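# Topology and contacts: notes
Each chain, written out:
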Amino acid sequence: EPVDMNDSAQLAKIRGDRLAKMEEMRAEGLEPFAYSYDPTHTAITVQEEWASLEPGVEDEAAAVSVAGRVMLKRVFGKLAFFTLRDQTGDVQLYFDKSRLDTFDAIKKYIDAGDIIGAKGSVKRTEKGEISVVVTEWVMLTKSLLPLPDKVAGLKDTELRYRQRHLDLIMSPDVRETFRLRANITSLLRSMLNDRGFLEIETPTLHGQAGGAEAKPFETYHNALDMELTLRIATELHLKRLVVGGFERVFEVGRIFRNEGISTRHNPEFTSVEAYQAYADYDDMMELTEDLICGIAEKTLGTLELNYQGTPVSLARPWRRVPMYDIVKEATGFDFAALPEDEAGLAEAKAQAKAAGVHSAEKCTTIGYVVNECFEELVEGTLIQPTFILDYPKEISPLARPHRSKPGLTERFELFCVGRETANSFSELTDPIDQRERFEAQAAKKAAGDEEACGVDEDFLRALETGMPPTGGVGIGIDRLVMLLTDSPSIRDVIAFPLLKRVDGS
């Protein structure tokens with residue numbers, strides 16, 4: 001009978017039947033939950049080592065033991081065939097009643113989903129399937145709940161996220177995504193280490209949210225009687241390490257932002273931030289290209305990707321274009337030519353409205369208008385990797401003023417497949433300028449902007465001690481993994497994404 005994973009009555013009946021089997025096993029002296037097992041081979045090594053066997057031939061001298069989950073159980077009279085899955089893949093178990101005294105027990109007690117160990121020789125069946133001919137078996141873990149139906153699979157996307165363990169059991173592609181994610185993170189660390197960067201962990205609990213414009217999660221420490229927030233960035237503590245003499249430092253860390261959920265946003269996500277003394281945002285562009293291209297080549301073997309049916313080329317060099325220039329391309333209007341006064345702001349709003357960007361009406365500066373135009377008209381069109389450069393000062397409170405373009409900062413964001421993947425500055429090292437920007441942010445916060453930060457006196461004290469010229473970059477690991485694994489949603493690359501409660505649970 002097909003299993004409906006949403007049918008609570010059917011699941012309860014199956015669980016009851018399996019509990020009864022578990023008790024019967026114990027009554028017969030069979031423990032349903034083993035302490036350990038020592039397999040000699042994995043599914044893939046059995047397949048590889050005996051690949052030369054001809055159909056119908058058995059290597060009777062072989063002595064292998066394997067362990068894994070029973071995915072499929074087929075019994076035909078005095079023969080039974082199970083599909084066993086471990087982390088490397090699948091291998092068939094071949095049970096012959098004439099060679100196994102406990103044949104009746106496998107029919108009685110083993111269900112799909114159980115984890116078992118099996119020992120025996122190796123044979124290629126007449127149909128060509130490499131199999132372990134079982135002479136001994138042991139129950140390692142009795143599964144009380146069933147697996148989803150083999151044919152129907154786990155097609156309910158919400159259920160896949162809520163019961164990720166089932167998703168991983170049933171889908172080799174999902175397991176491959178998370179294997180690639182682990183490799184990507186490992187490679188990233190290795191590449192930064194090879195370039196002389198040192199990873200140092202920074203606090204998750206902050207007394208003052210900072211390093212980004214985002215609403216933080218709030219918490220409280222009982223013993224210290226302190227209101228705290230979960231970090232929205234690792235930036236400010238990593239910069240303090242640069243002040244302290246670590247000239248190349250980074251952290252791969254979890255970030256928490258109290259924001260909405262979408263295909264590209266999860267309130268808890270992973271980023272890497274790296275800071276390099278005596279560098280600027282041009283150096284960070286080179287570093288970003290090096291890292292992403294290097295990871296793609298080492299994990300995928302190519303720079304030519306296909307993302308959701310669209311070709312994406314990571315071949316260098318990537319396009320570099322200032323924000324004002326690309327907004328001019330989209331609107332046909334040069335916002336950079338406007339004077340920074342009330343008349344200029346009014347004209348900027350009018351031009352934005354004419355281009356269909358009605359959200360610009362609430363903006364208080366031309367820079368904000370240009371950013372609104374970029375987000376609504378340009379961002380989603382940037383499919384190939386593109387560095388957007390030289391952001392307005394008012395939306396970049398931690399970036400250094402541009403050395404030759406008044407009102408702008410030395411900042412870039414990397415966009416690919418229509419979304420931001422990296423953010424970088426020539427870091428602001430002037431503590432007086434930084435204080436003024438913090439105070440401007442604090443005024444926005446006092447006026448009701450929940451994403452604005454306050455004045456971080458501890459960071460300013462460090463900055464006043466003196467920070468060398470520094471370039472910094474942050475890369476969203478989840479979005480990078482989405483790109484490299486062709487995953488449409490951020491929830492496909494986060495093992496356990498945050499989900500709404502269901503039925504009060």
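Residues numbered from 1 in each chain as written. Predicted model: local features only at pLDDT ≥ 70, side-chain atom pairs only at ≥ 80, totals over all residues. Heavy atoms only, no water.

### Topic: the sheet that holds strand S5 (residues 130-141)
- Within the closed barrel, the five strands sit side by side as S1-S2-S3-S5-S4. Their pairing is mixed. Taking the axes of each pair of neighbouring strands and ignoring which way they run, one obtains an average angle of 55° across the sheet.
- Pairing of strand S2 (residues 79-86) with strand S3 (residues 89-96) involves eight bridges; the strand directions are antiparallel. The partner of Leu 84 across the bridge, within S3, is Val 91. (Pairing = 2+ DSSP bridges. Helix = DSSP H or I, 4+ residues; strand = E, 2+ residues; numbered from the N terminus. Axes fitted to C-alpha atoms, helices over the stretch in contact; angles between N-to-C directions.)

### Concerning unusual backbone geometry
- Following Arg 316, the chain continues into Pro 317 via a peptide bond in cis, with omega recorded as 0°.
- Tracing the sequence through the fold places Pro 317 in the loop between strand S13 (310-313) and strand S14 (319-322).
- Notably, Val 417 is not glycine yet its phi reads approximately 45°, a positive angle.
- Examined against the element boundaries, Val 417 turns out to sit in the loop between strand S16 (411-416) and strand S17 (419-426).

### A word on the packing of aromatic side chains
- On inspection of all chains with the given rule, the structure shows eight aromatic pairs.
- Look at Phe 82 and Phe 95: their rings are 4.7 Å apart centre to centre, the planes differ by 55°, and that puts the pair in the tilted class. You can see Phe 82 sitting in strand S2 and its partner Phe 95 sitting in strand S3, a full 13 residues away along the chain.
- Overall, Phe 82 belongs to the buried group, its relative accessible area being 0%.
- Using a relative accessible area of 0% as the deciding quantity, one classes Phe 95 as buried.
- Taken together, Phe 76, Phe 81 and Tyr 94 form an aromatic cluster joined through their ring pairs.
- The side chain of Arg 411 reaches across the aromatic face of Tyr 391, ending 4.4 Å from its centre. (Phe/Tyr/Trp six-rings, centres within 6.5 Å; stacked < 30°, edge-to-face > 60°. Buried < 20%, exposed > 50% of the residue type's maximum accessible area, 1.4 Å probe, protein only. Lys NZ or Arg CZ within 6 Å of the ring centre and 35° of its normal.)

### Observations regarding the pairing of strand S11 (residues 268-277)
- Across the ten residues that make up S11, a large majority, nine, are buried.
- Across nine bridges, the pairing between strand S10 (residues 248-256) and S11 is antiparallel. Residue pairing in the sheet places Phe 250 in a bridge with Ala 274 of S11.
- The pairing of S11 with strand S18 (residues 470-476) spans seven bridges and is classified as antiparallel. Bridge pairing in S18 places Ala 274 opposite Val 473.

### A short note on helix H1 (residues 8-27)
- The terminal C-alpha atoms of H1, which comprises 20 residues, lie 29 Å apart, in line with the 28 Å expected from a rise of 1.5 Å per residue.
- Among the residues of H1, Gln 10, Leu 11, Ile 14, Arg 18, Lys 21, Met 22 and Met 25 are the ones counted as buried. For H1, the angular spread of the buried residues around the axis is 110°, confining them to a single face. When the buried face of H1 is taken as reference, the exposed residues oriented beyond 90 degrees from it are Ser 8, Ala 9, Ala 12, Lys 13 and Ala 27.
- N-cap assignment for H1: the residue whose side-chain oxygen lies 3.2 Å from the backbone N of Ala 9 is Asp 7. (Expected span 1.5 Å × (residues − 1). Arc of directions from axis to C-beta. Polar contact = N/O pair within 3.5 Å; in protein donor to acceptor, adjacent residues only side chain to side chain.)

### Regarding the pattern of salt bridges
- Under the defined criterion, the tally for this structure stands at 41 salt bridges.
- The partner of Lys 215 in a salt bridge is Glu 450, with the nearest N and O atoms 3.5 Å apart. With Lys 215 in the loop between strand S7 (205-206) and strand S8 (218-221) and Glu 450 in the loop between helix H12 (431-446) and helix H13 (457-465), this residue pair connects regions lying 235 residues apart in the sequence.
- Residue class for Lys 215 comes out partly exposed when judged on its relative accessible area of 31%. (Salt bridge = Lys/Arg side-chain N within 4 Å of Asp/Glu carboxyl O.)

### Structural notes on the environment of Ala 443
- Structurally, Ala 443 is set in helix H12.
- Its relative accessible area of 46% is what places Ala 443 among the partly exposed residues.
- For the pair Ala 443 and Arg 411, spaced 32 residues apart in sequence, the C-alpha to C-alpha distance is 23 Å.

### A word on the nonpolar core
- Leu 192, Leu 314 and Leu 484 are the most contacted members of the largest nonpolar core, which totals 44 residues.
- It is helix H8 (residues 281-300) that provides the largest number of residues to this core, a total of nine residues.
- If near-sequence neighbours (up to four positions away) are discounted, Leu 484 is found in contact with Ile 184, Ile 295, Ala 296, Leu 300, Leu 305 and Leu 314.
- Counting residues in each nonpolar core, the second largest holds 29 residues, with Met 25, Ala 62, Val 70 and Phe 103 among its members. (Core = buried A, V, L, I, M, F, W, Y, C linked by side-chain atoms within 4.5 Å. Contact = heavy atoms within 4.5 Å.)

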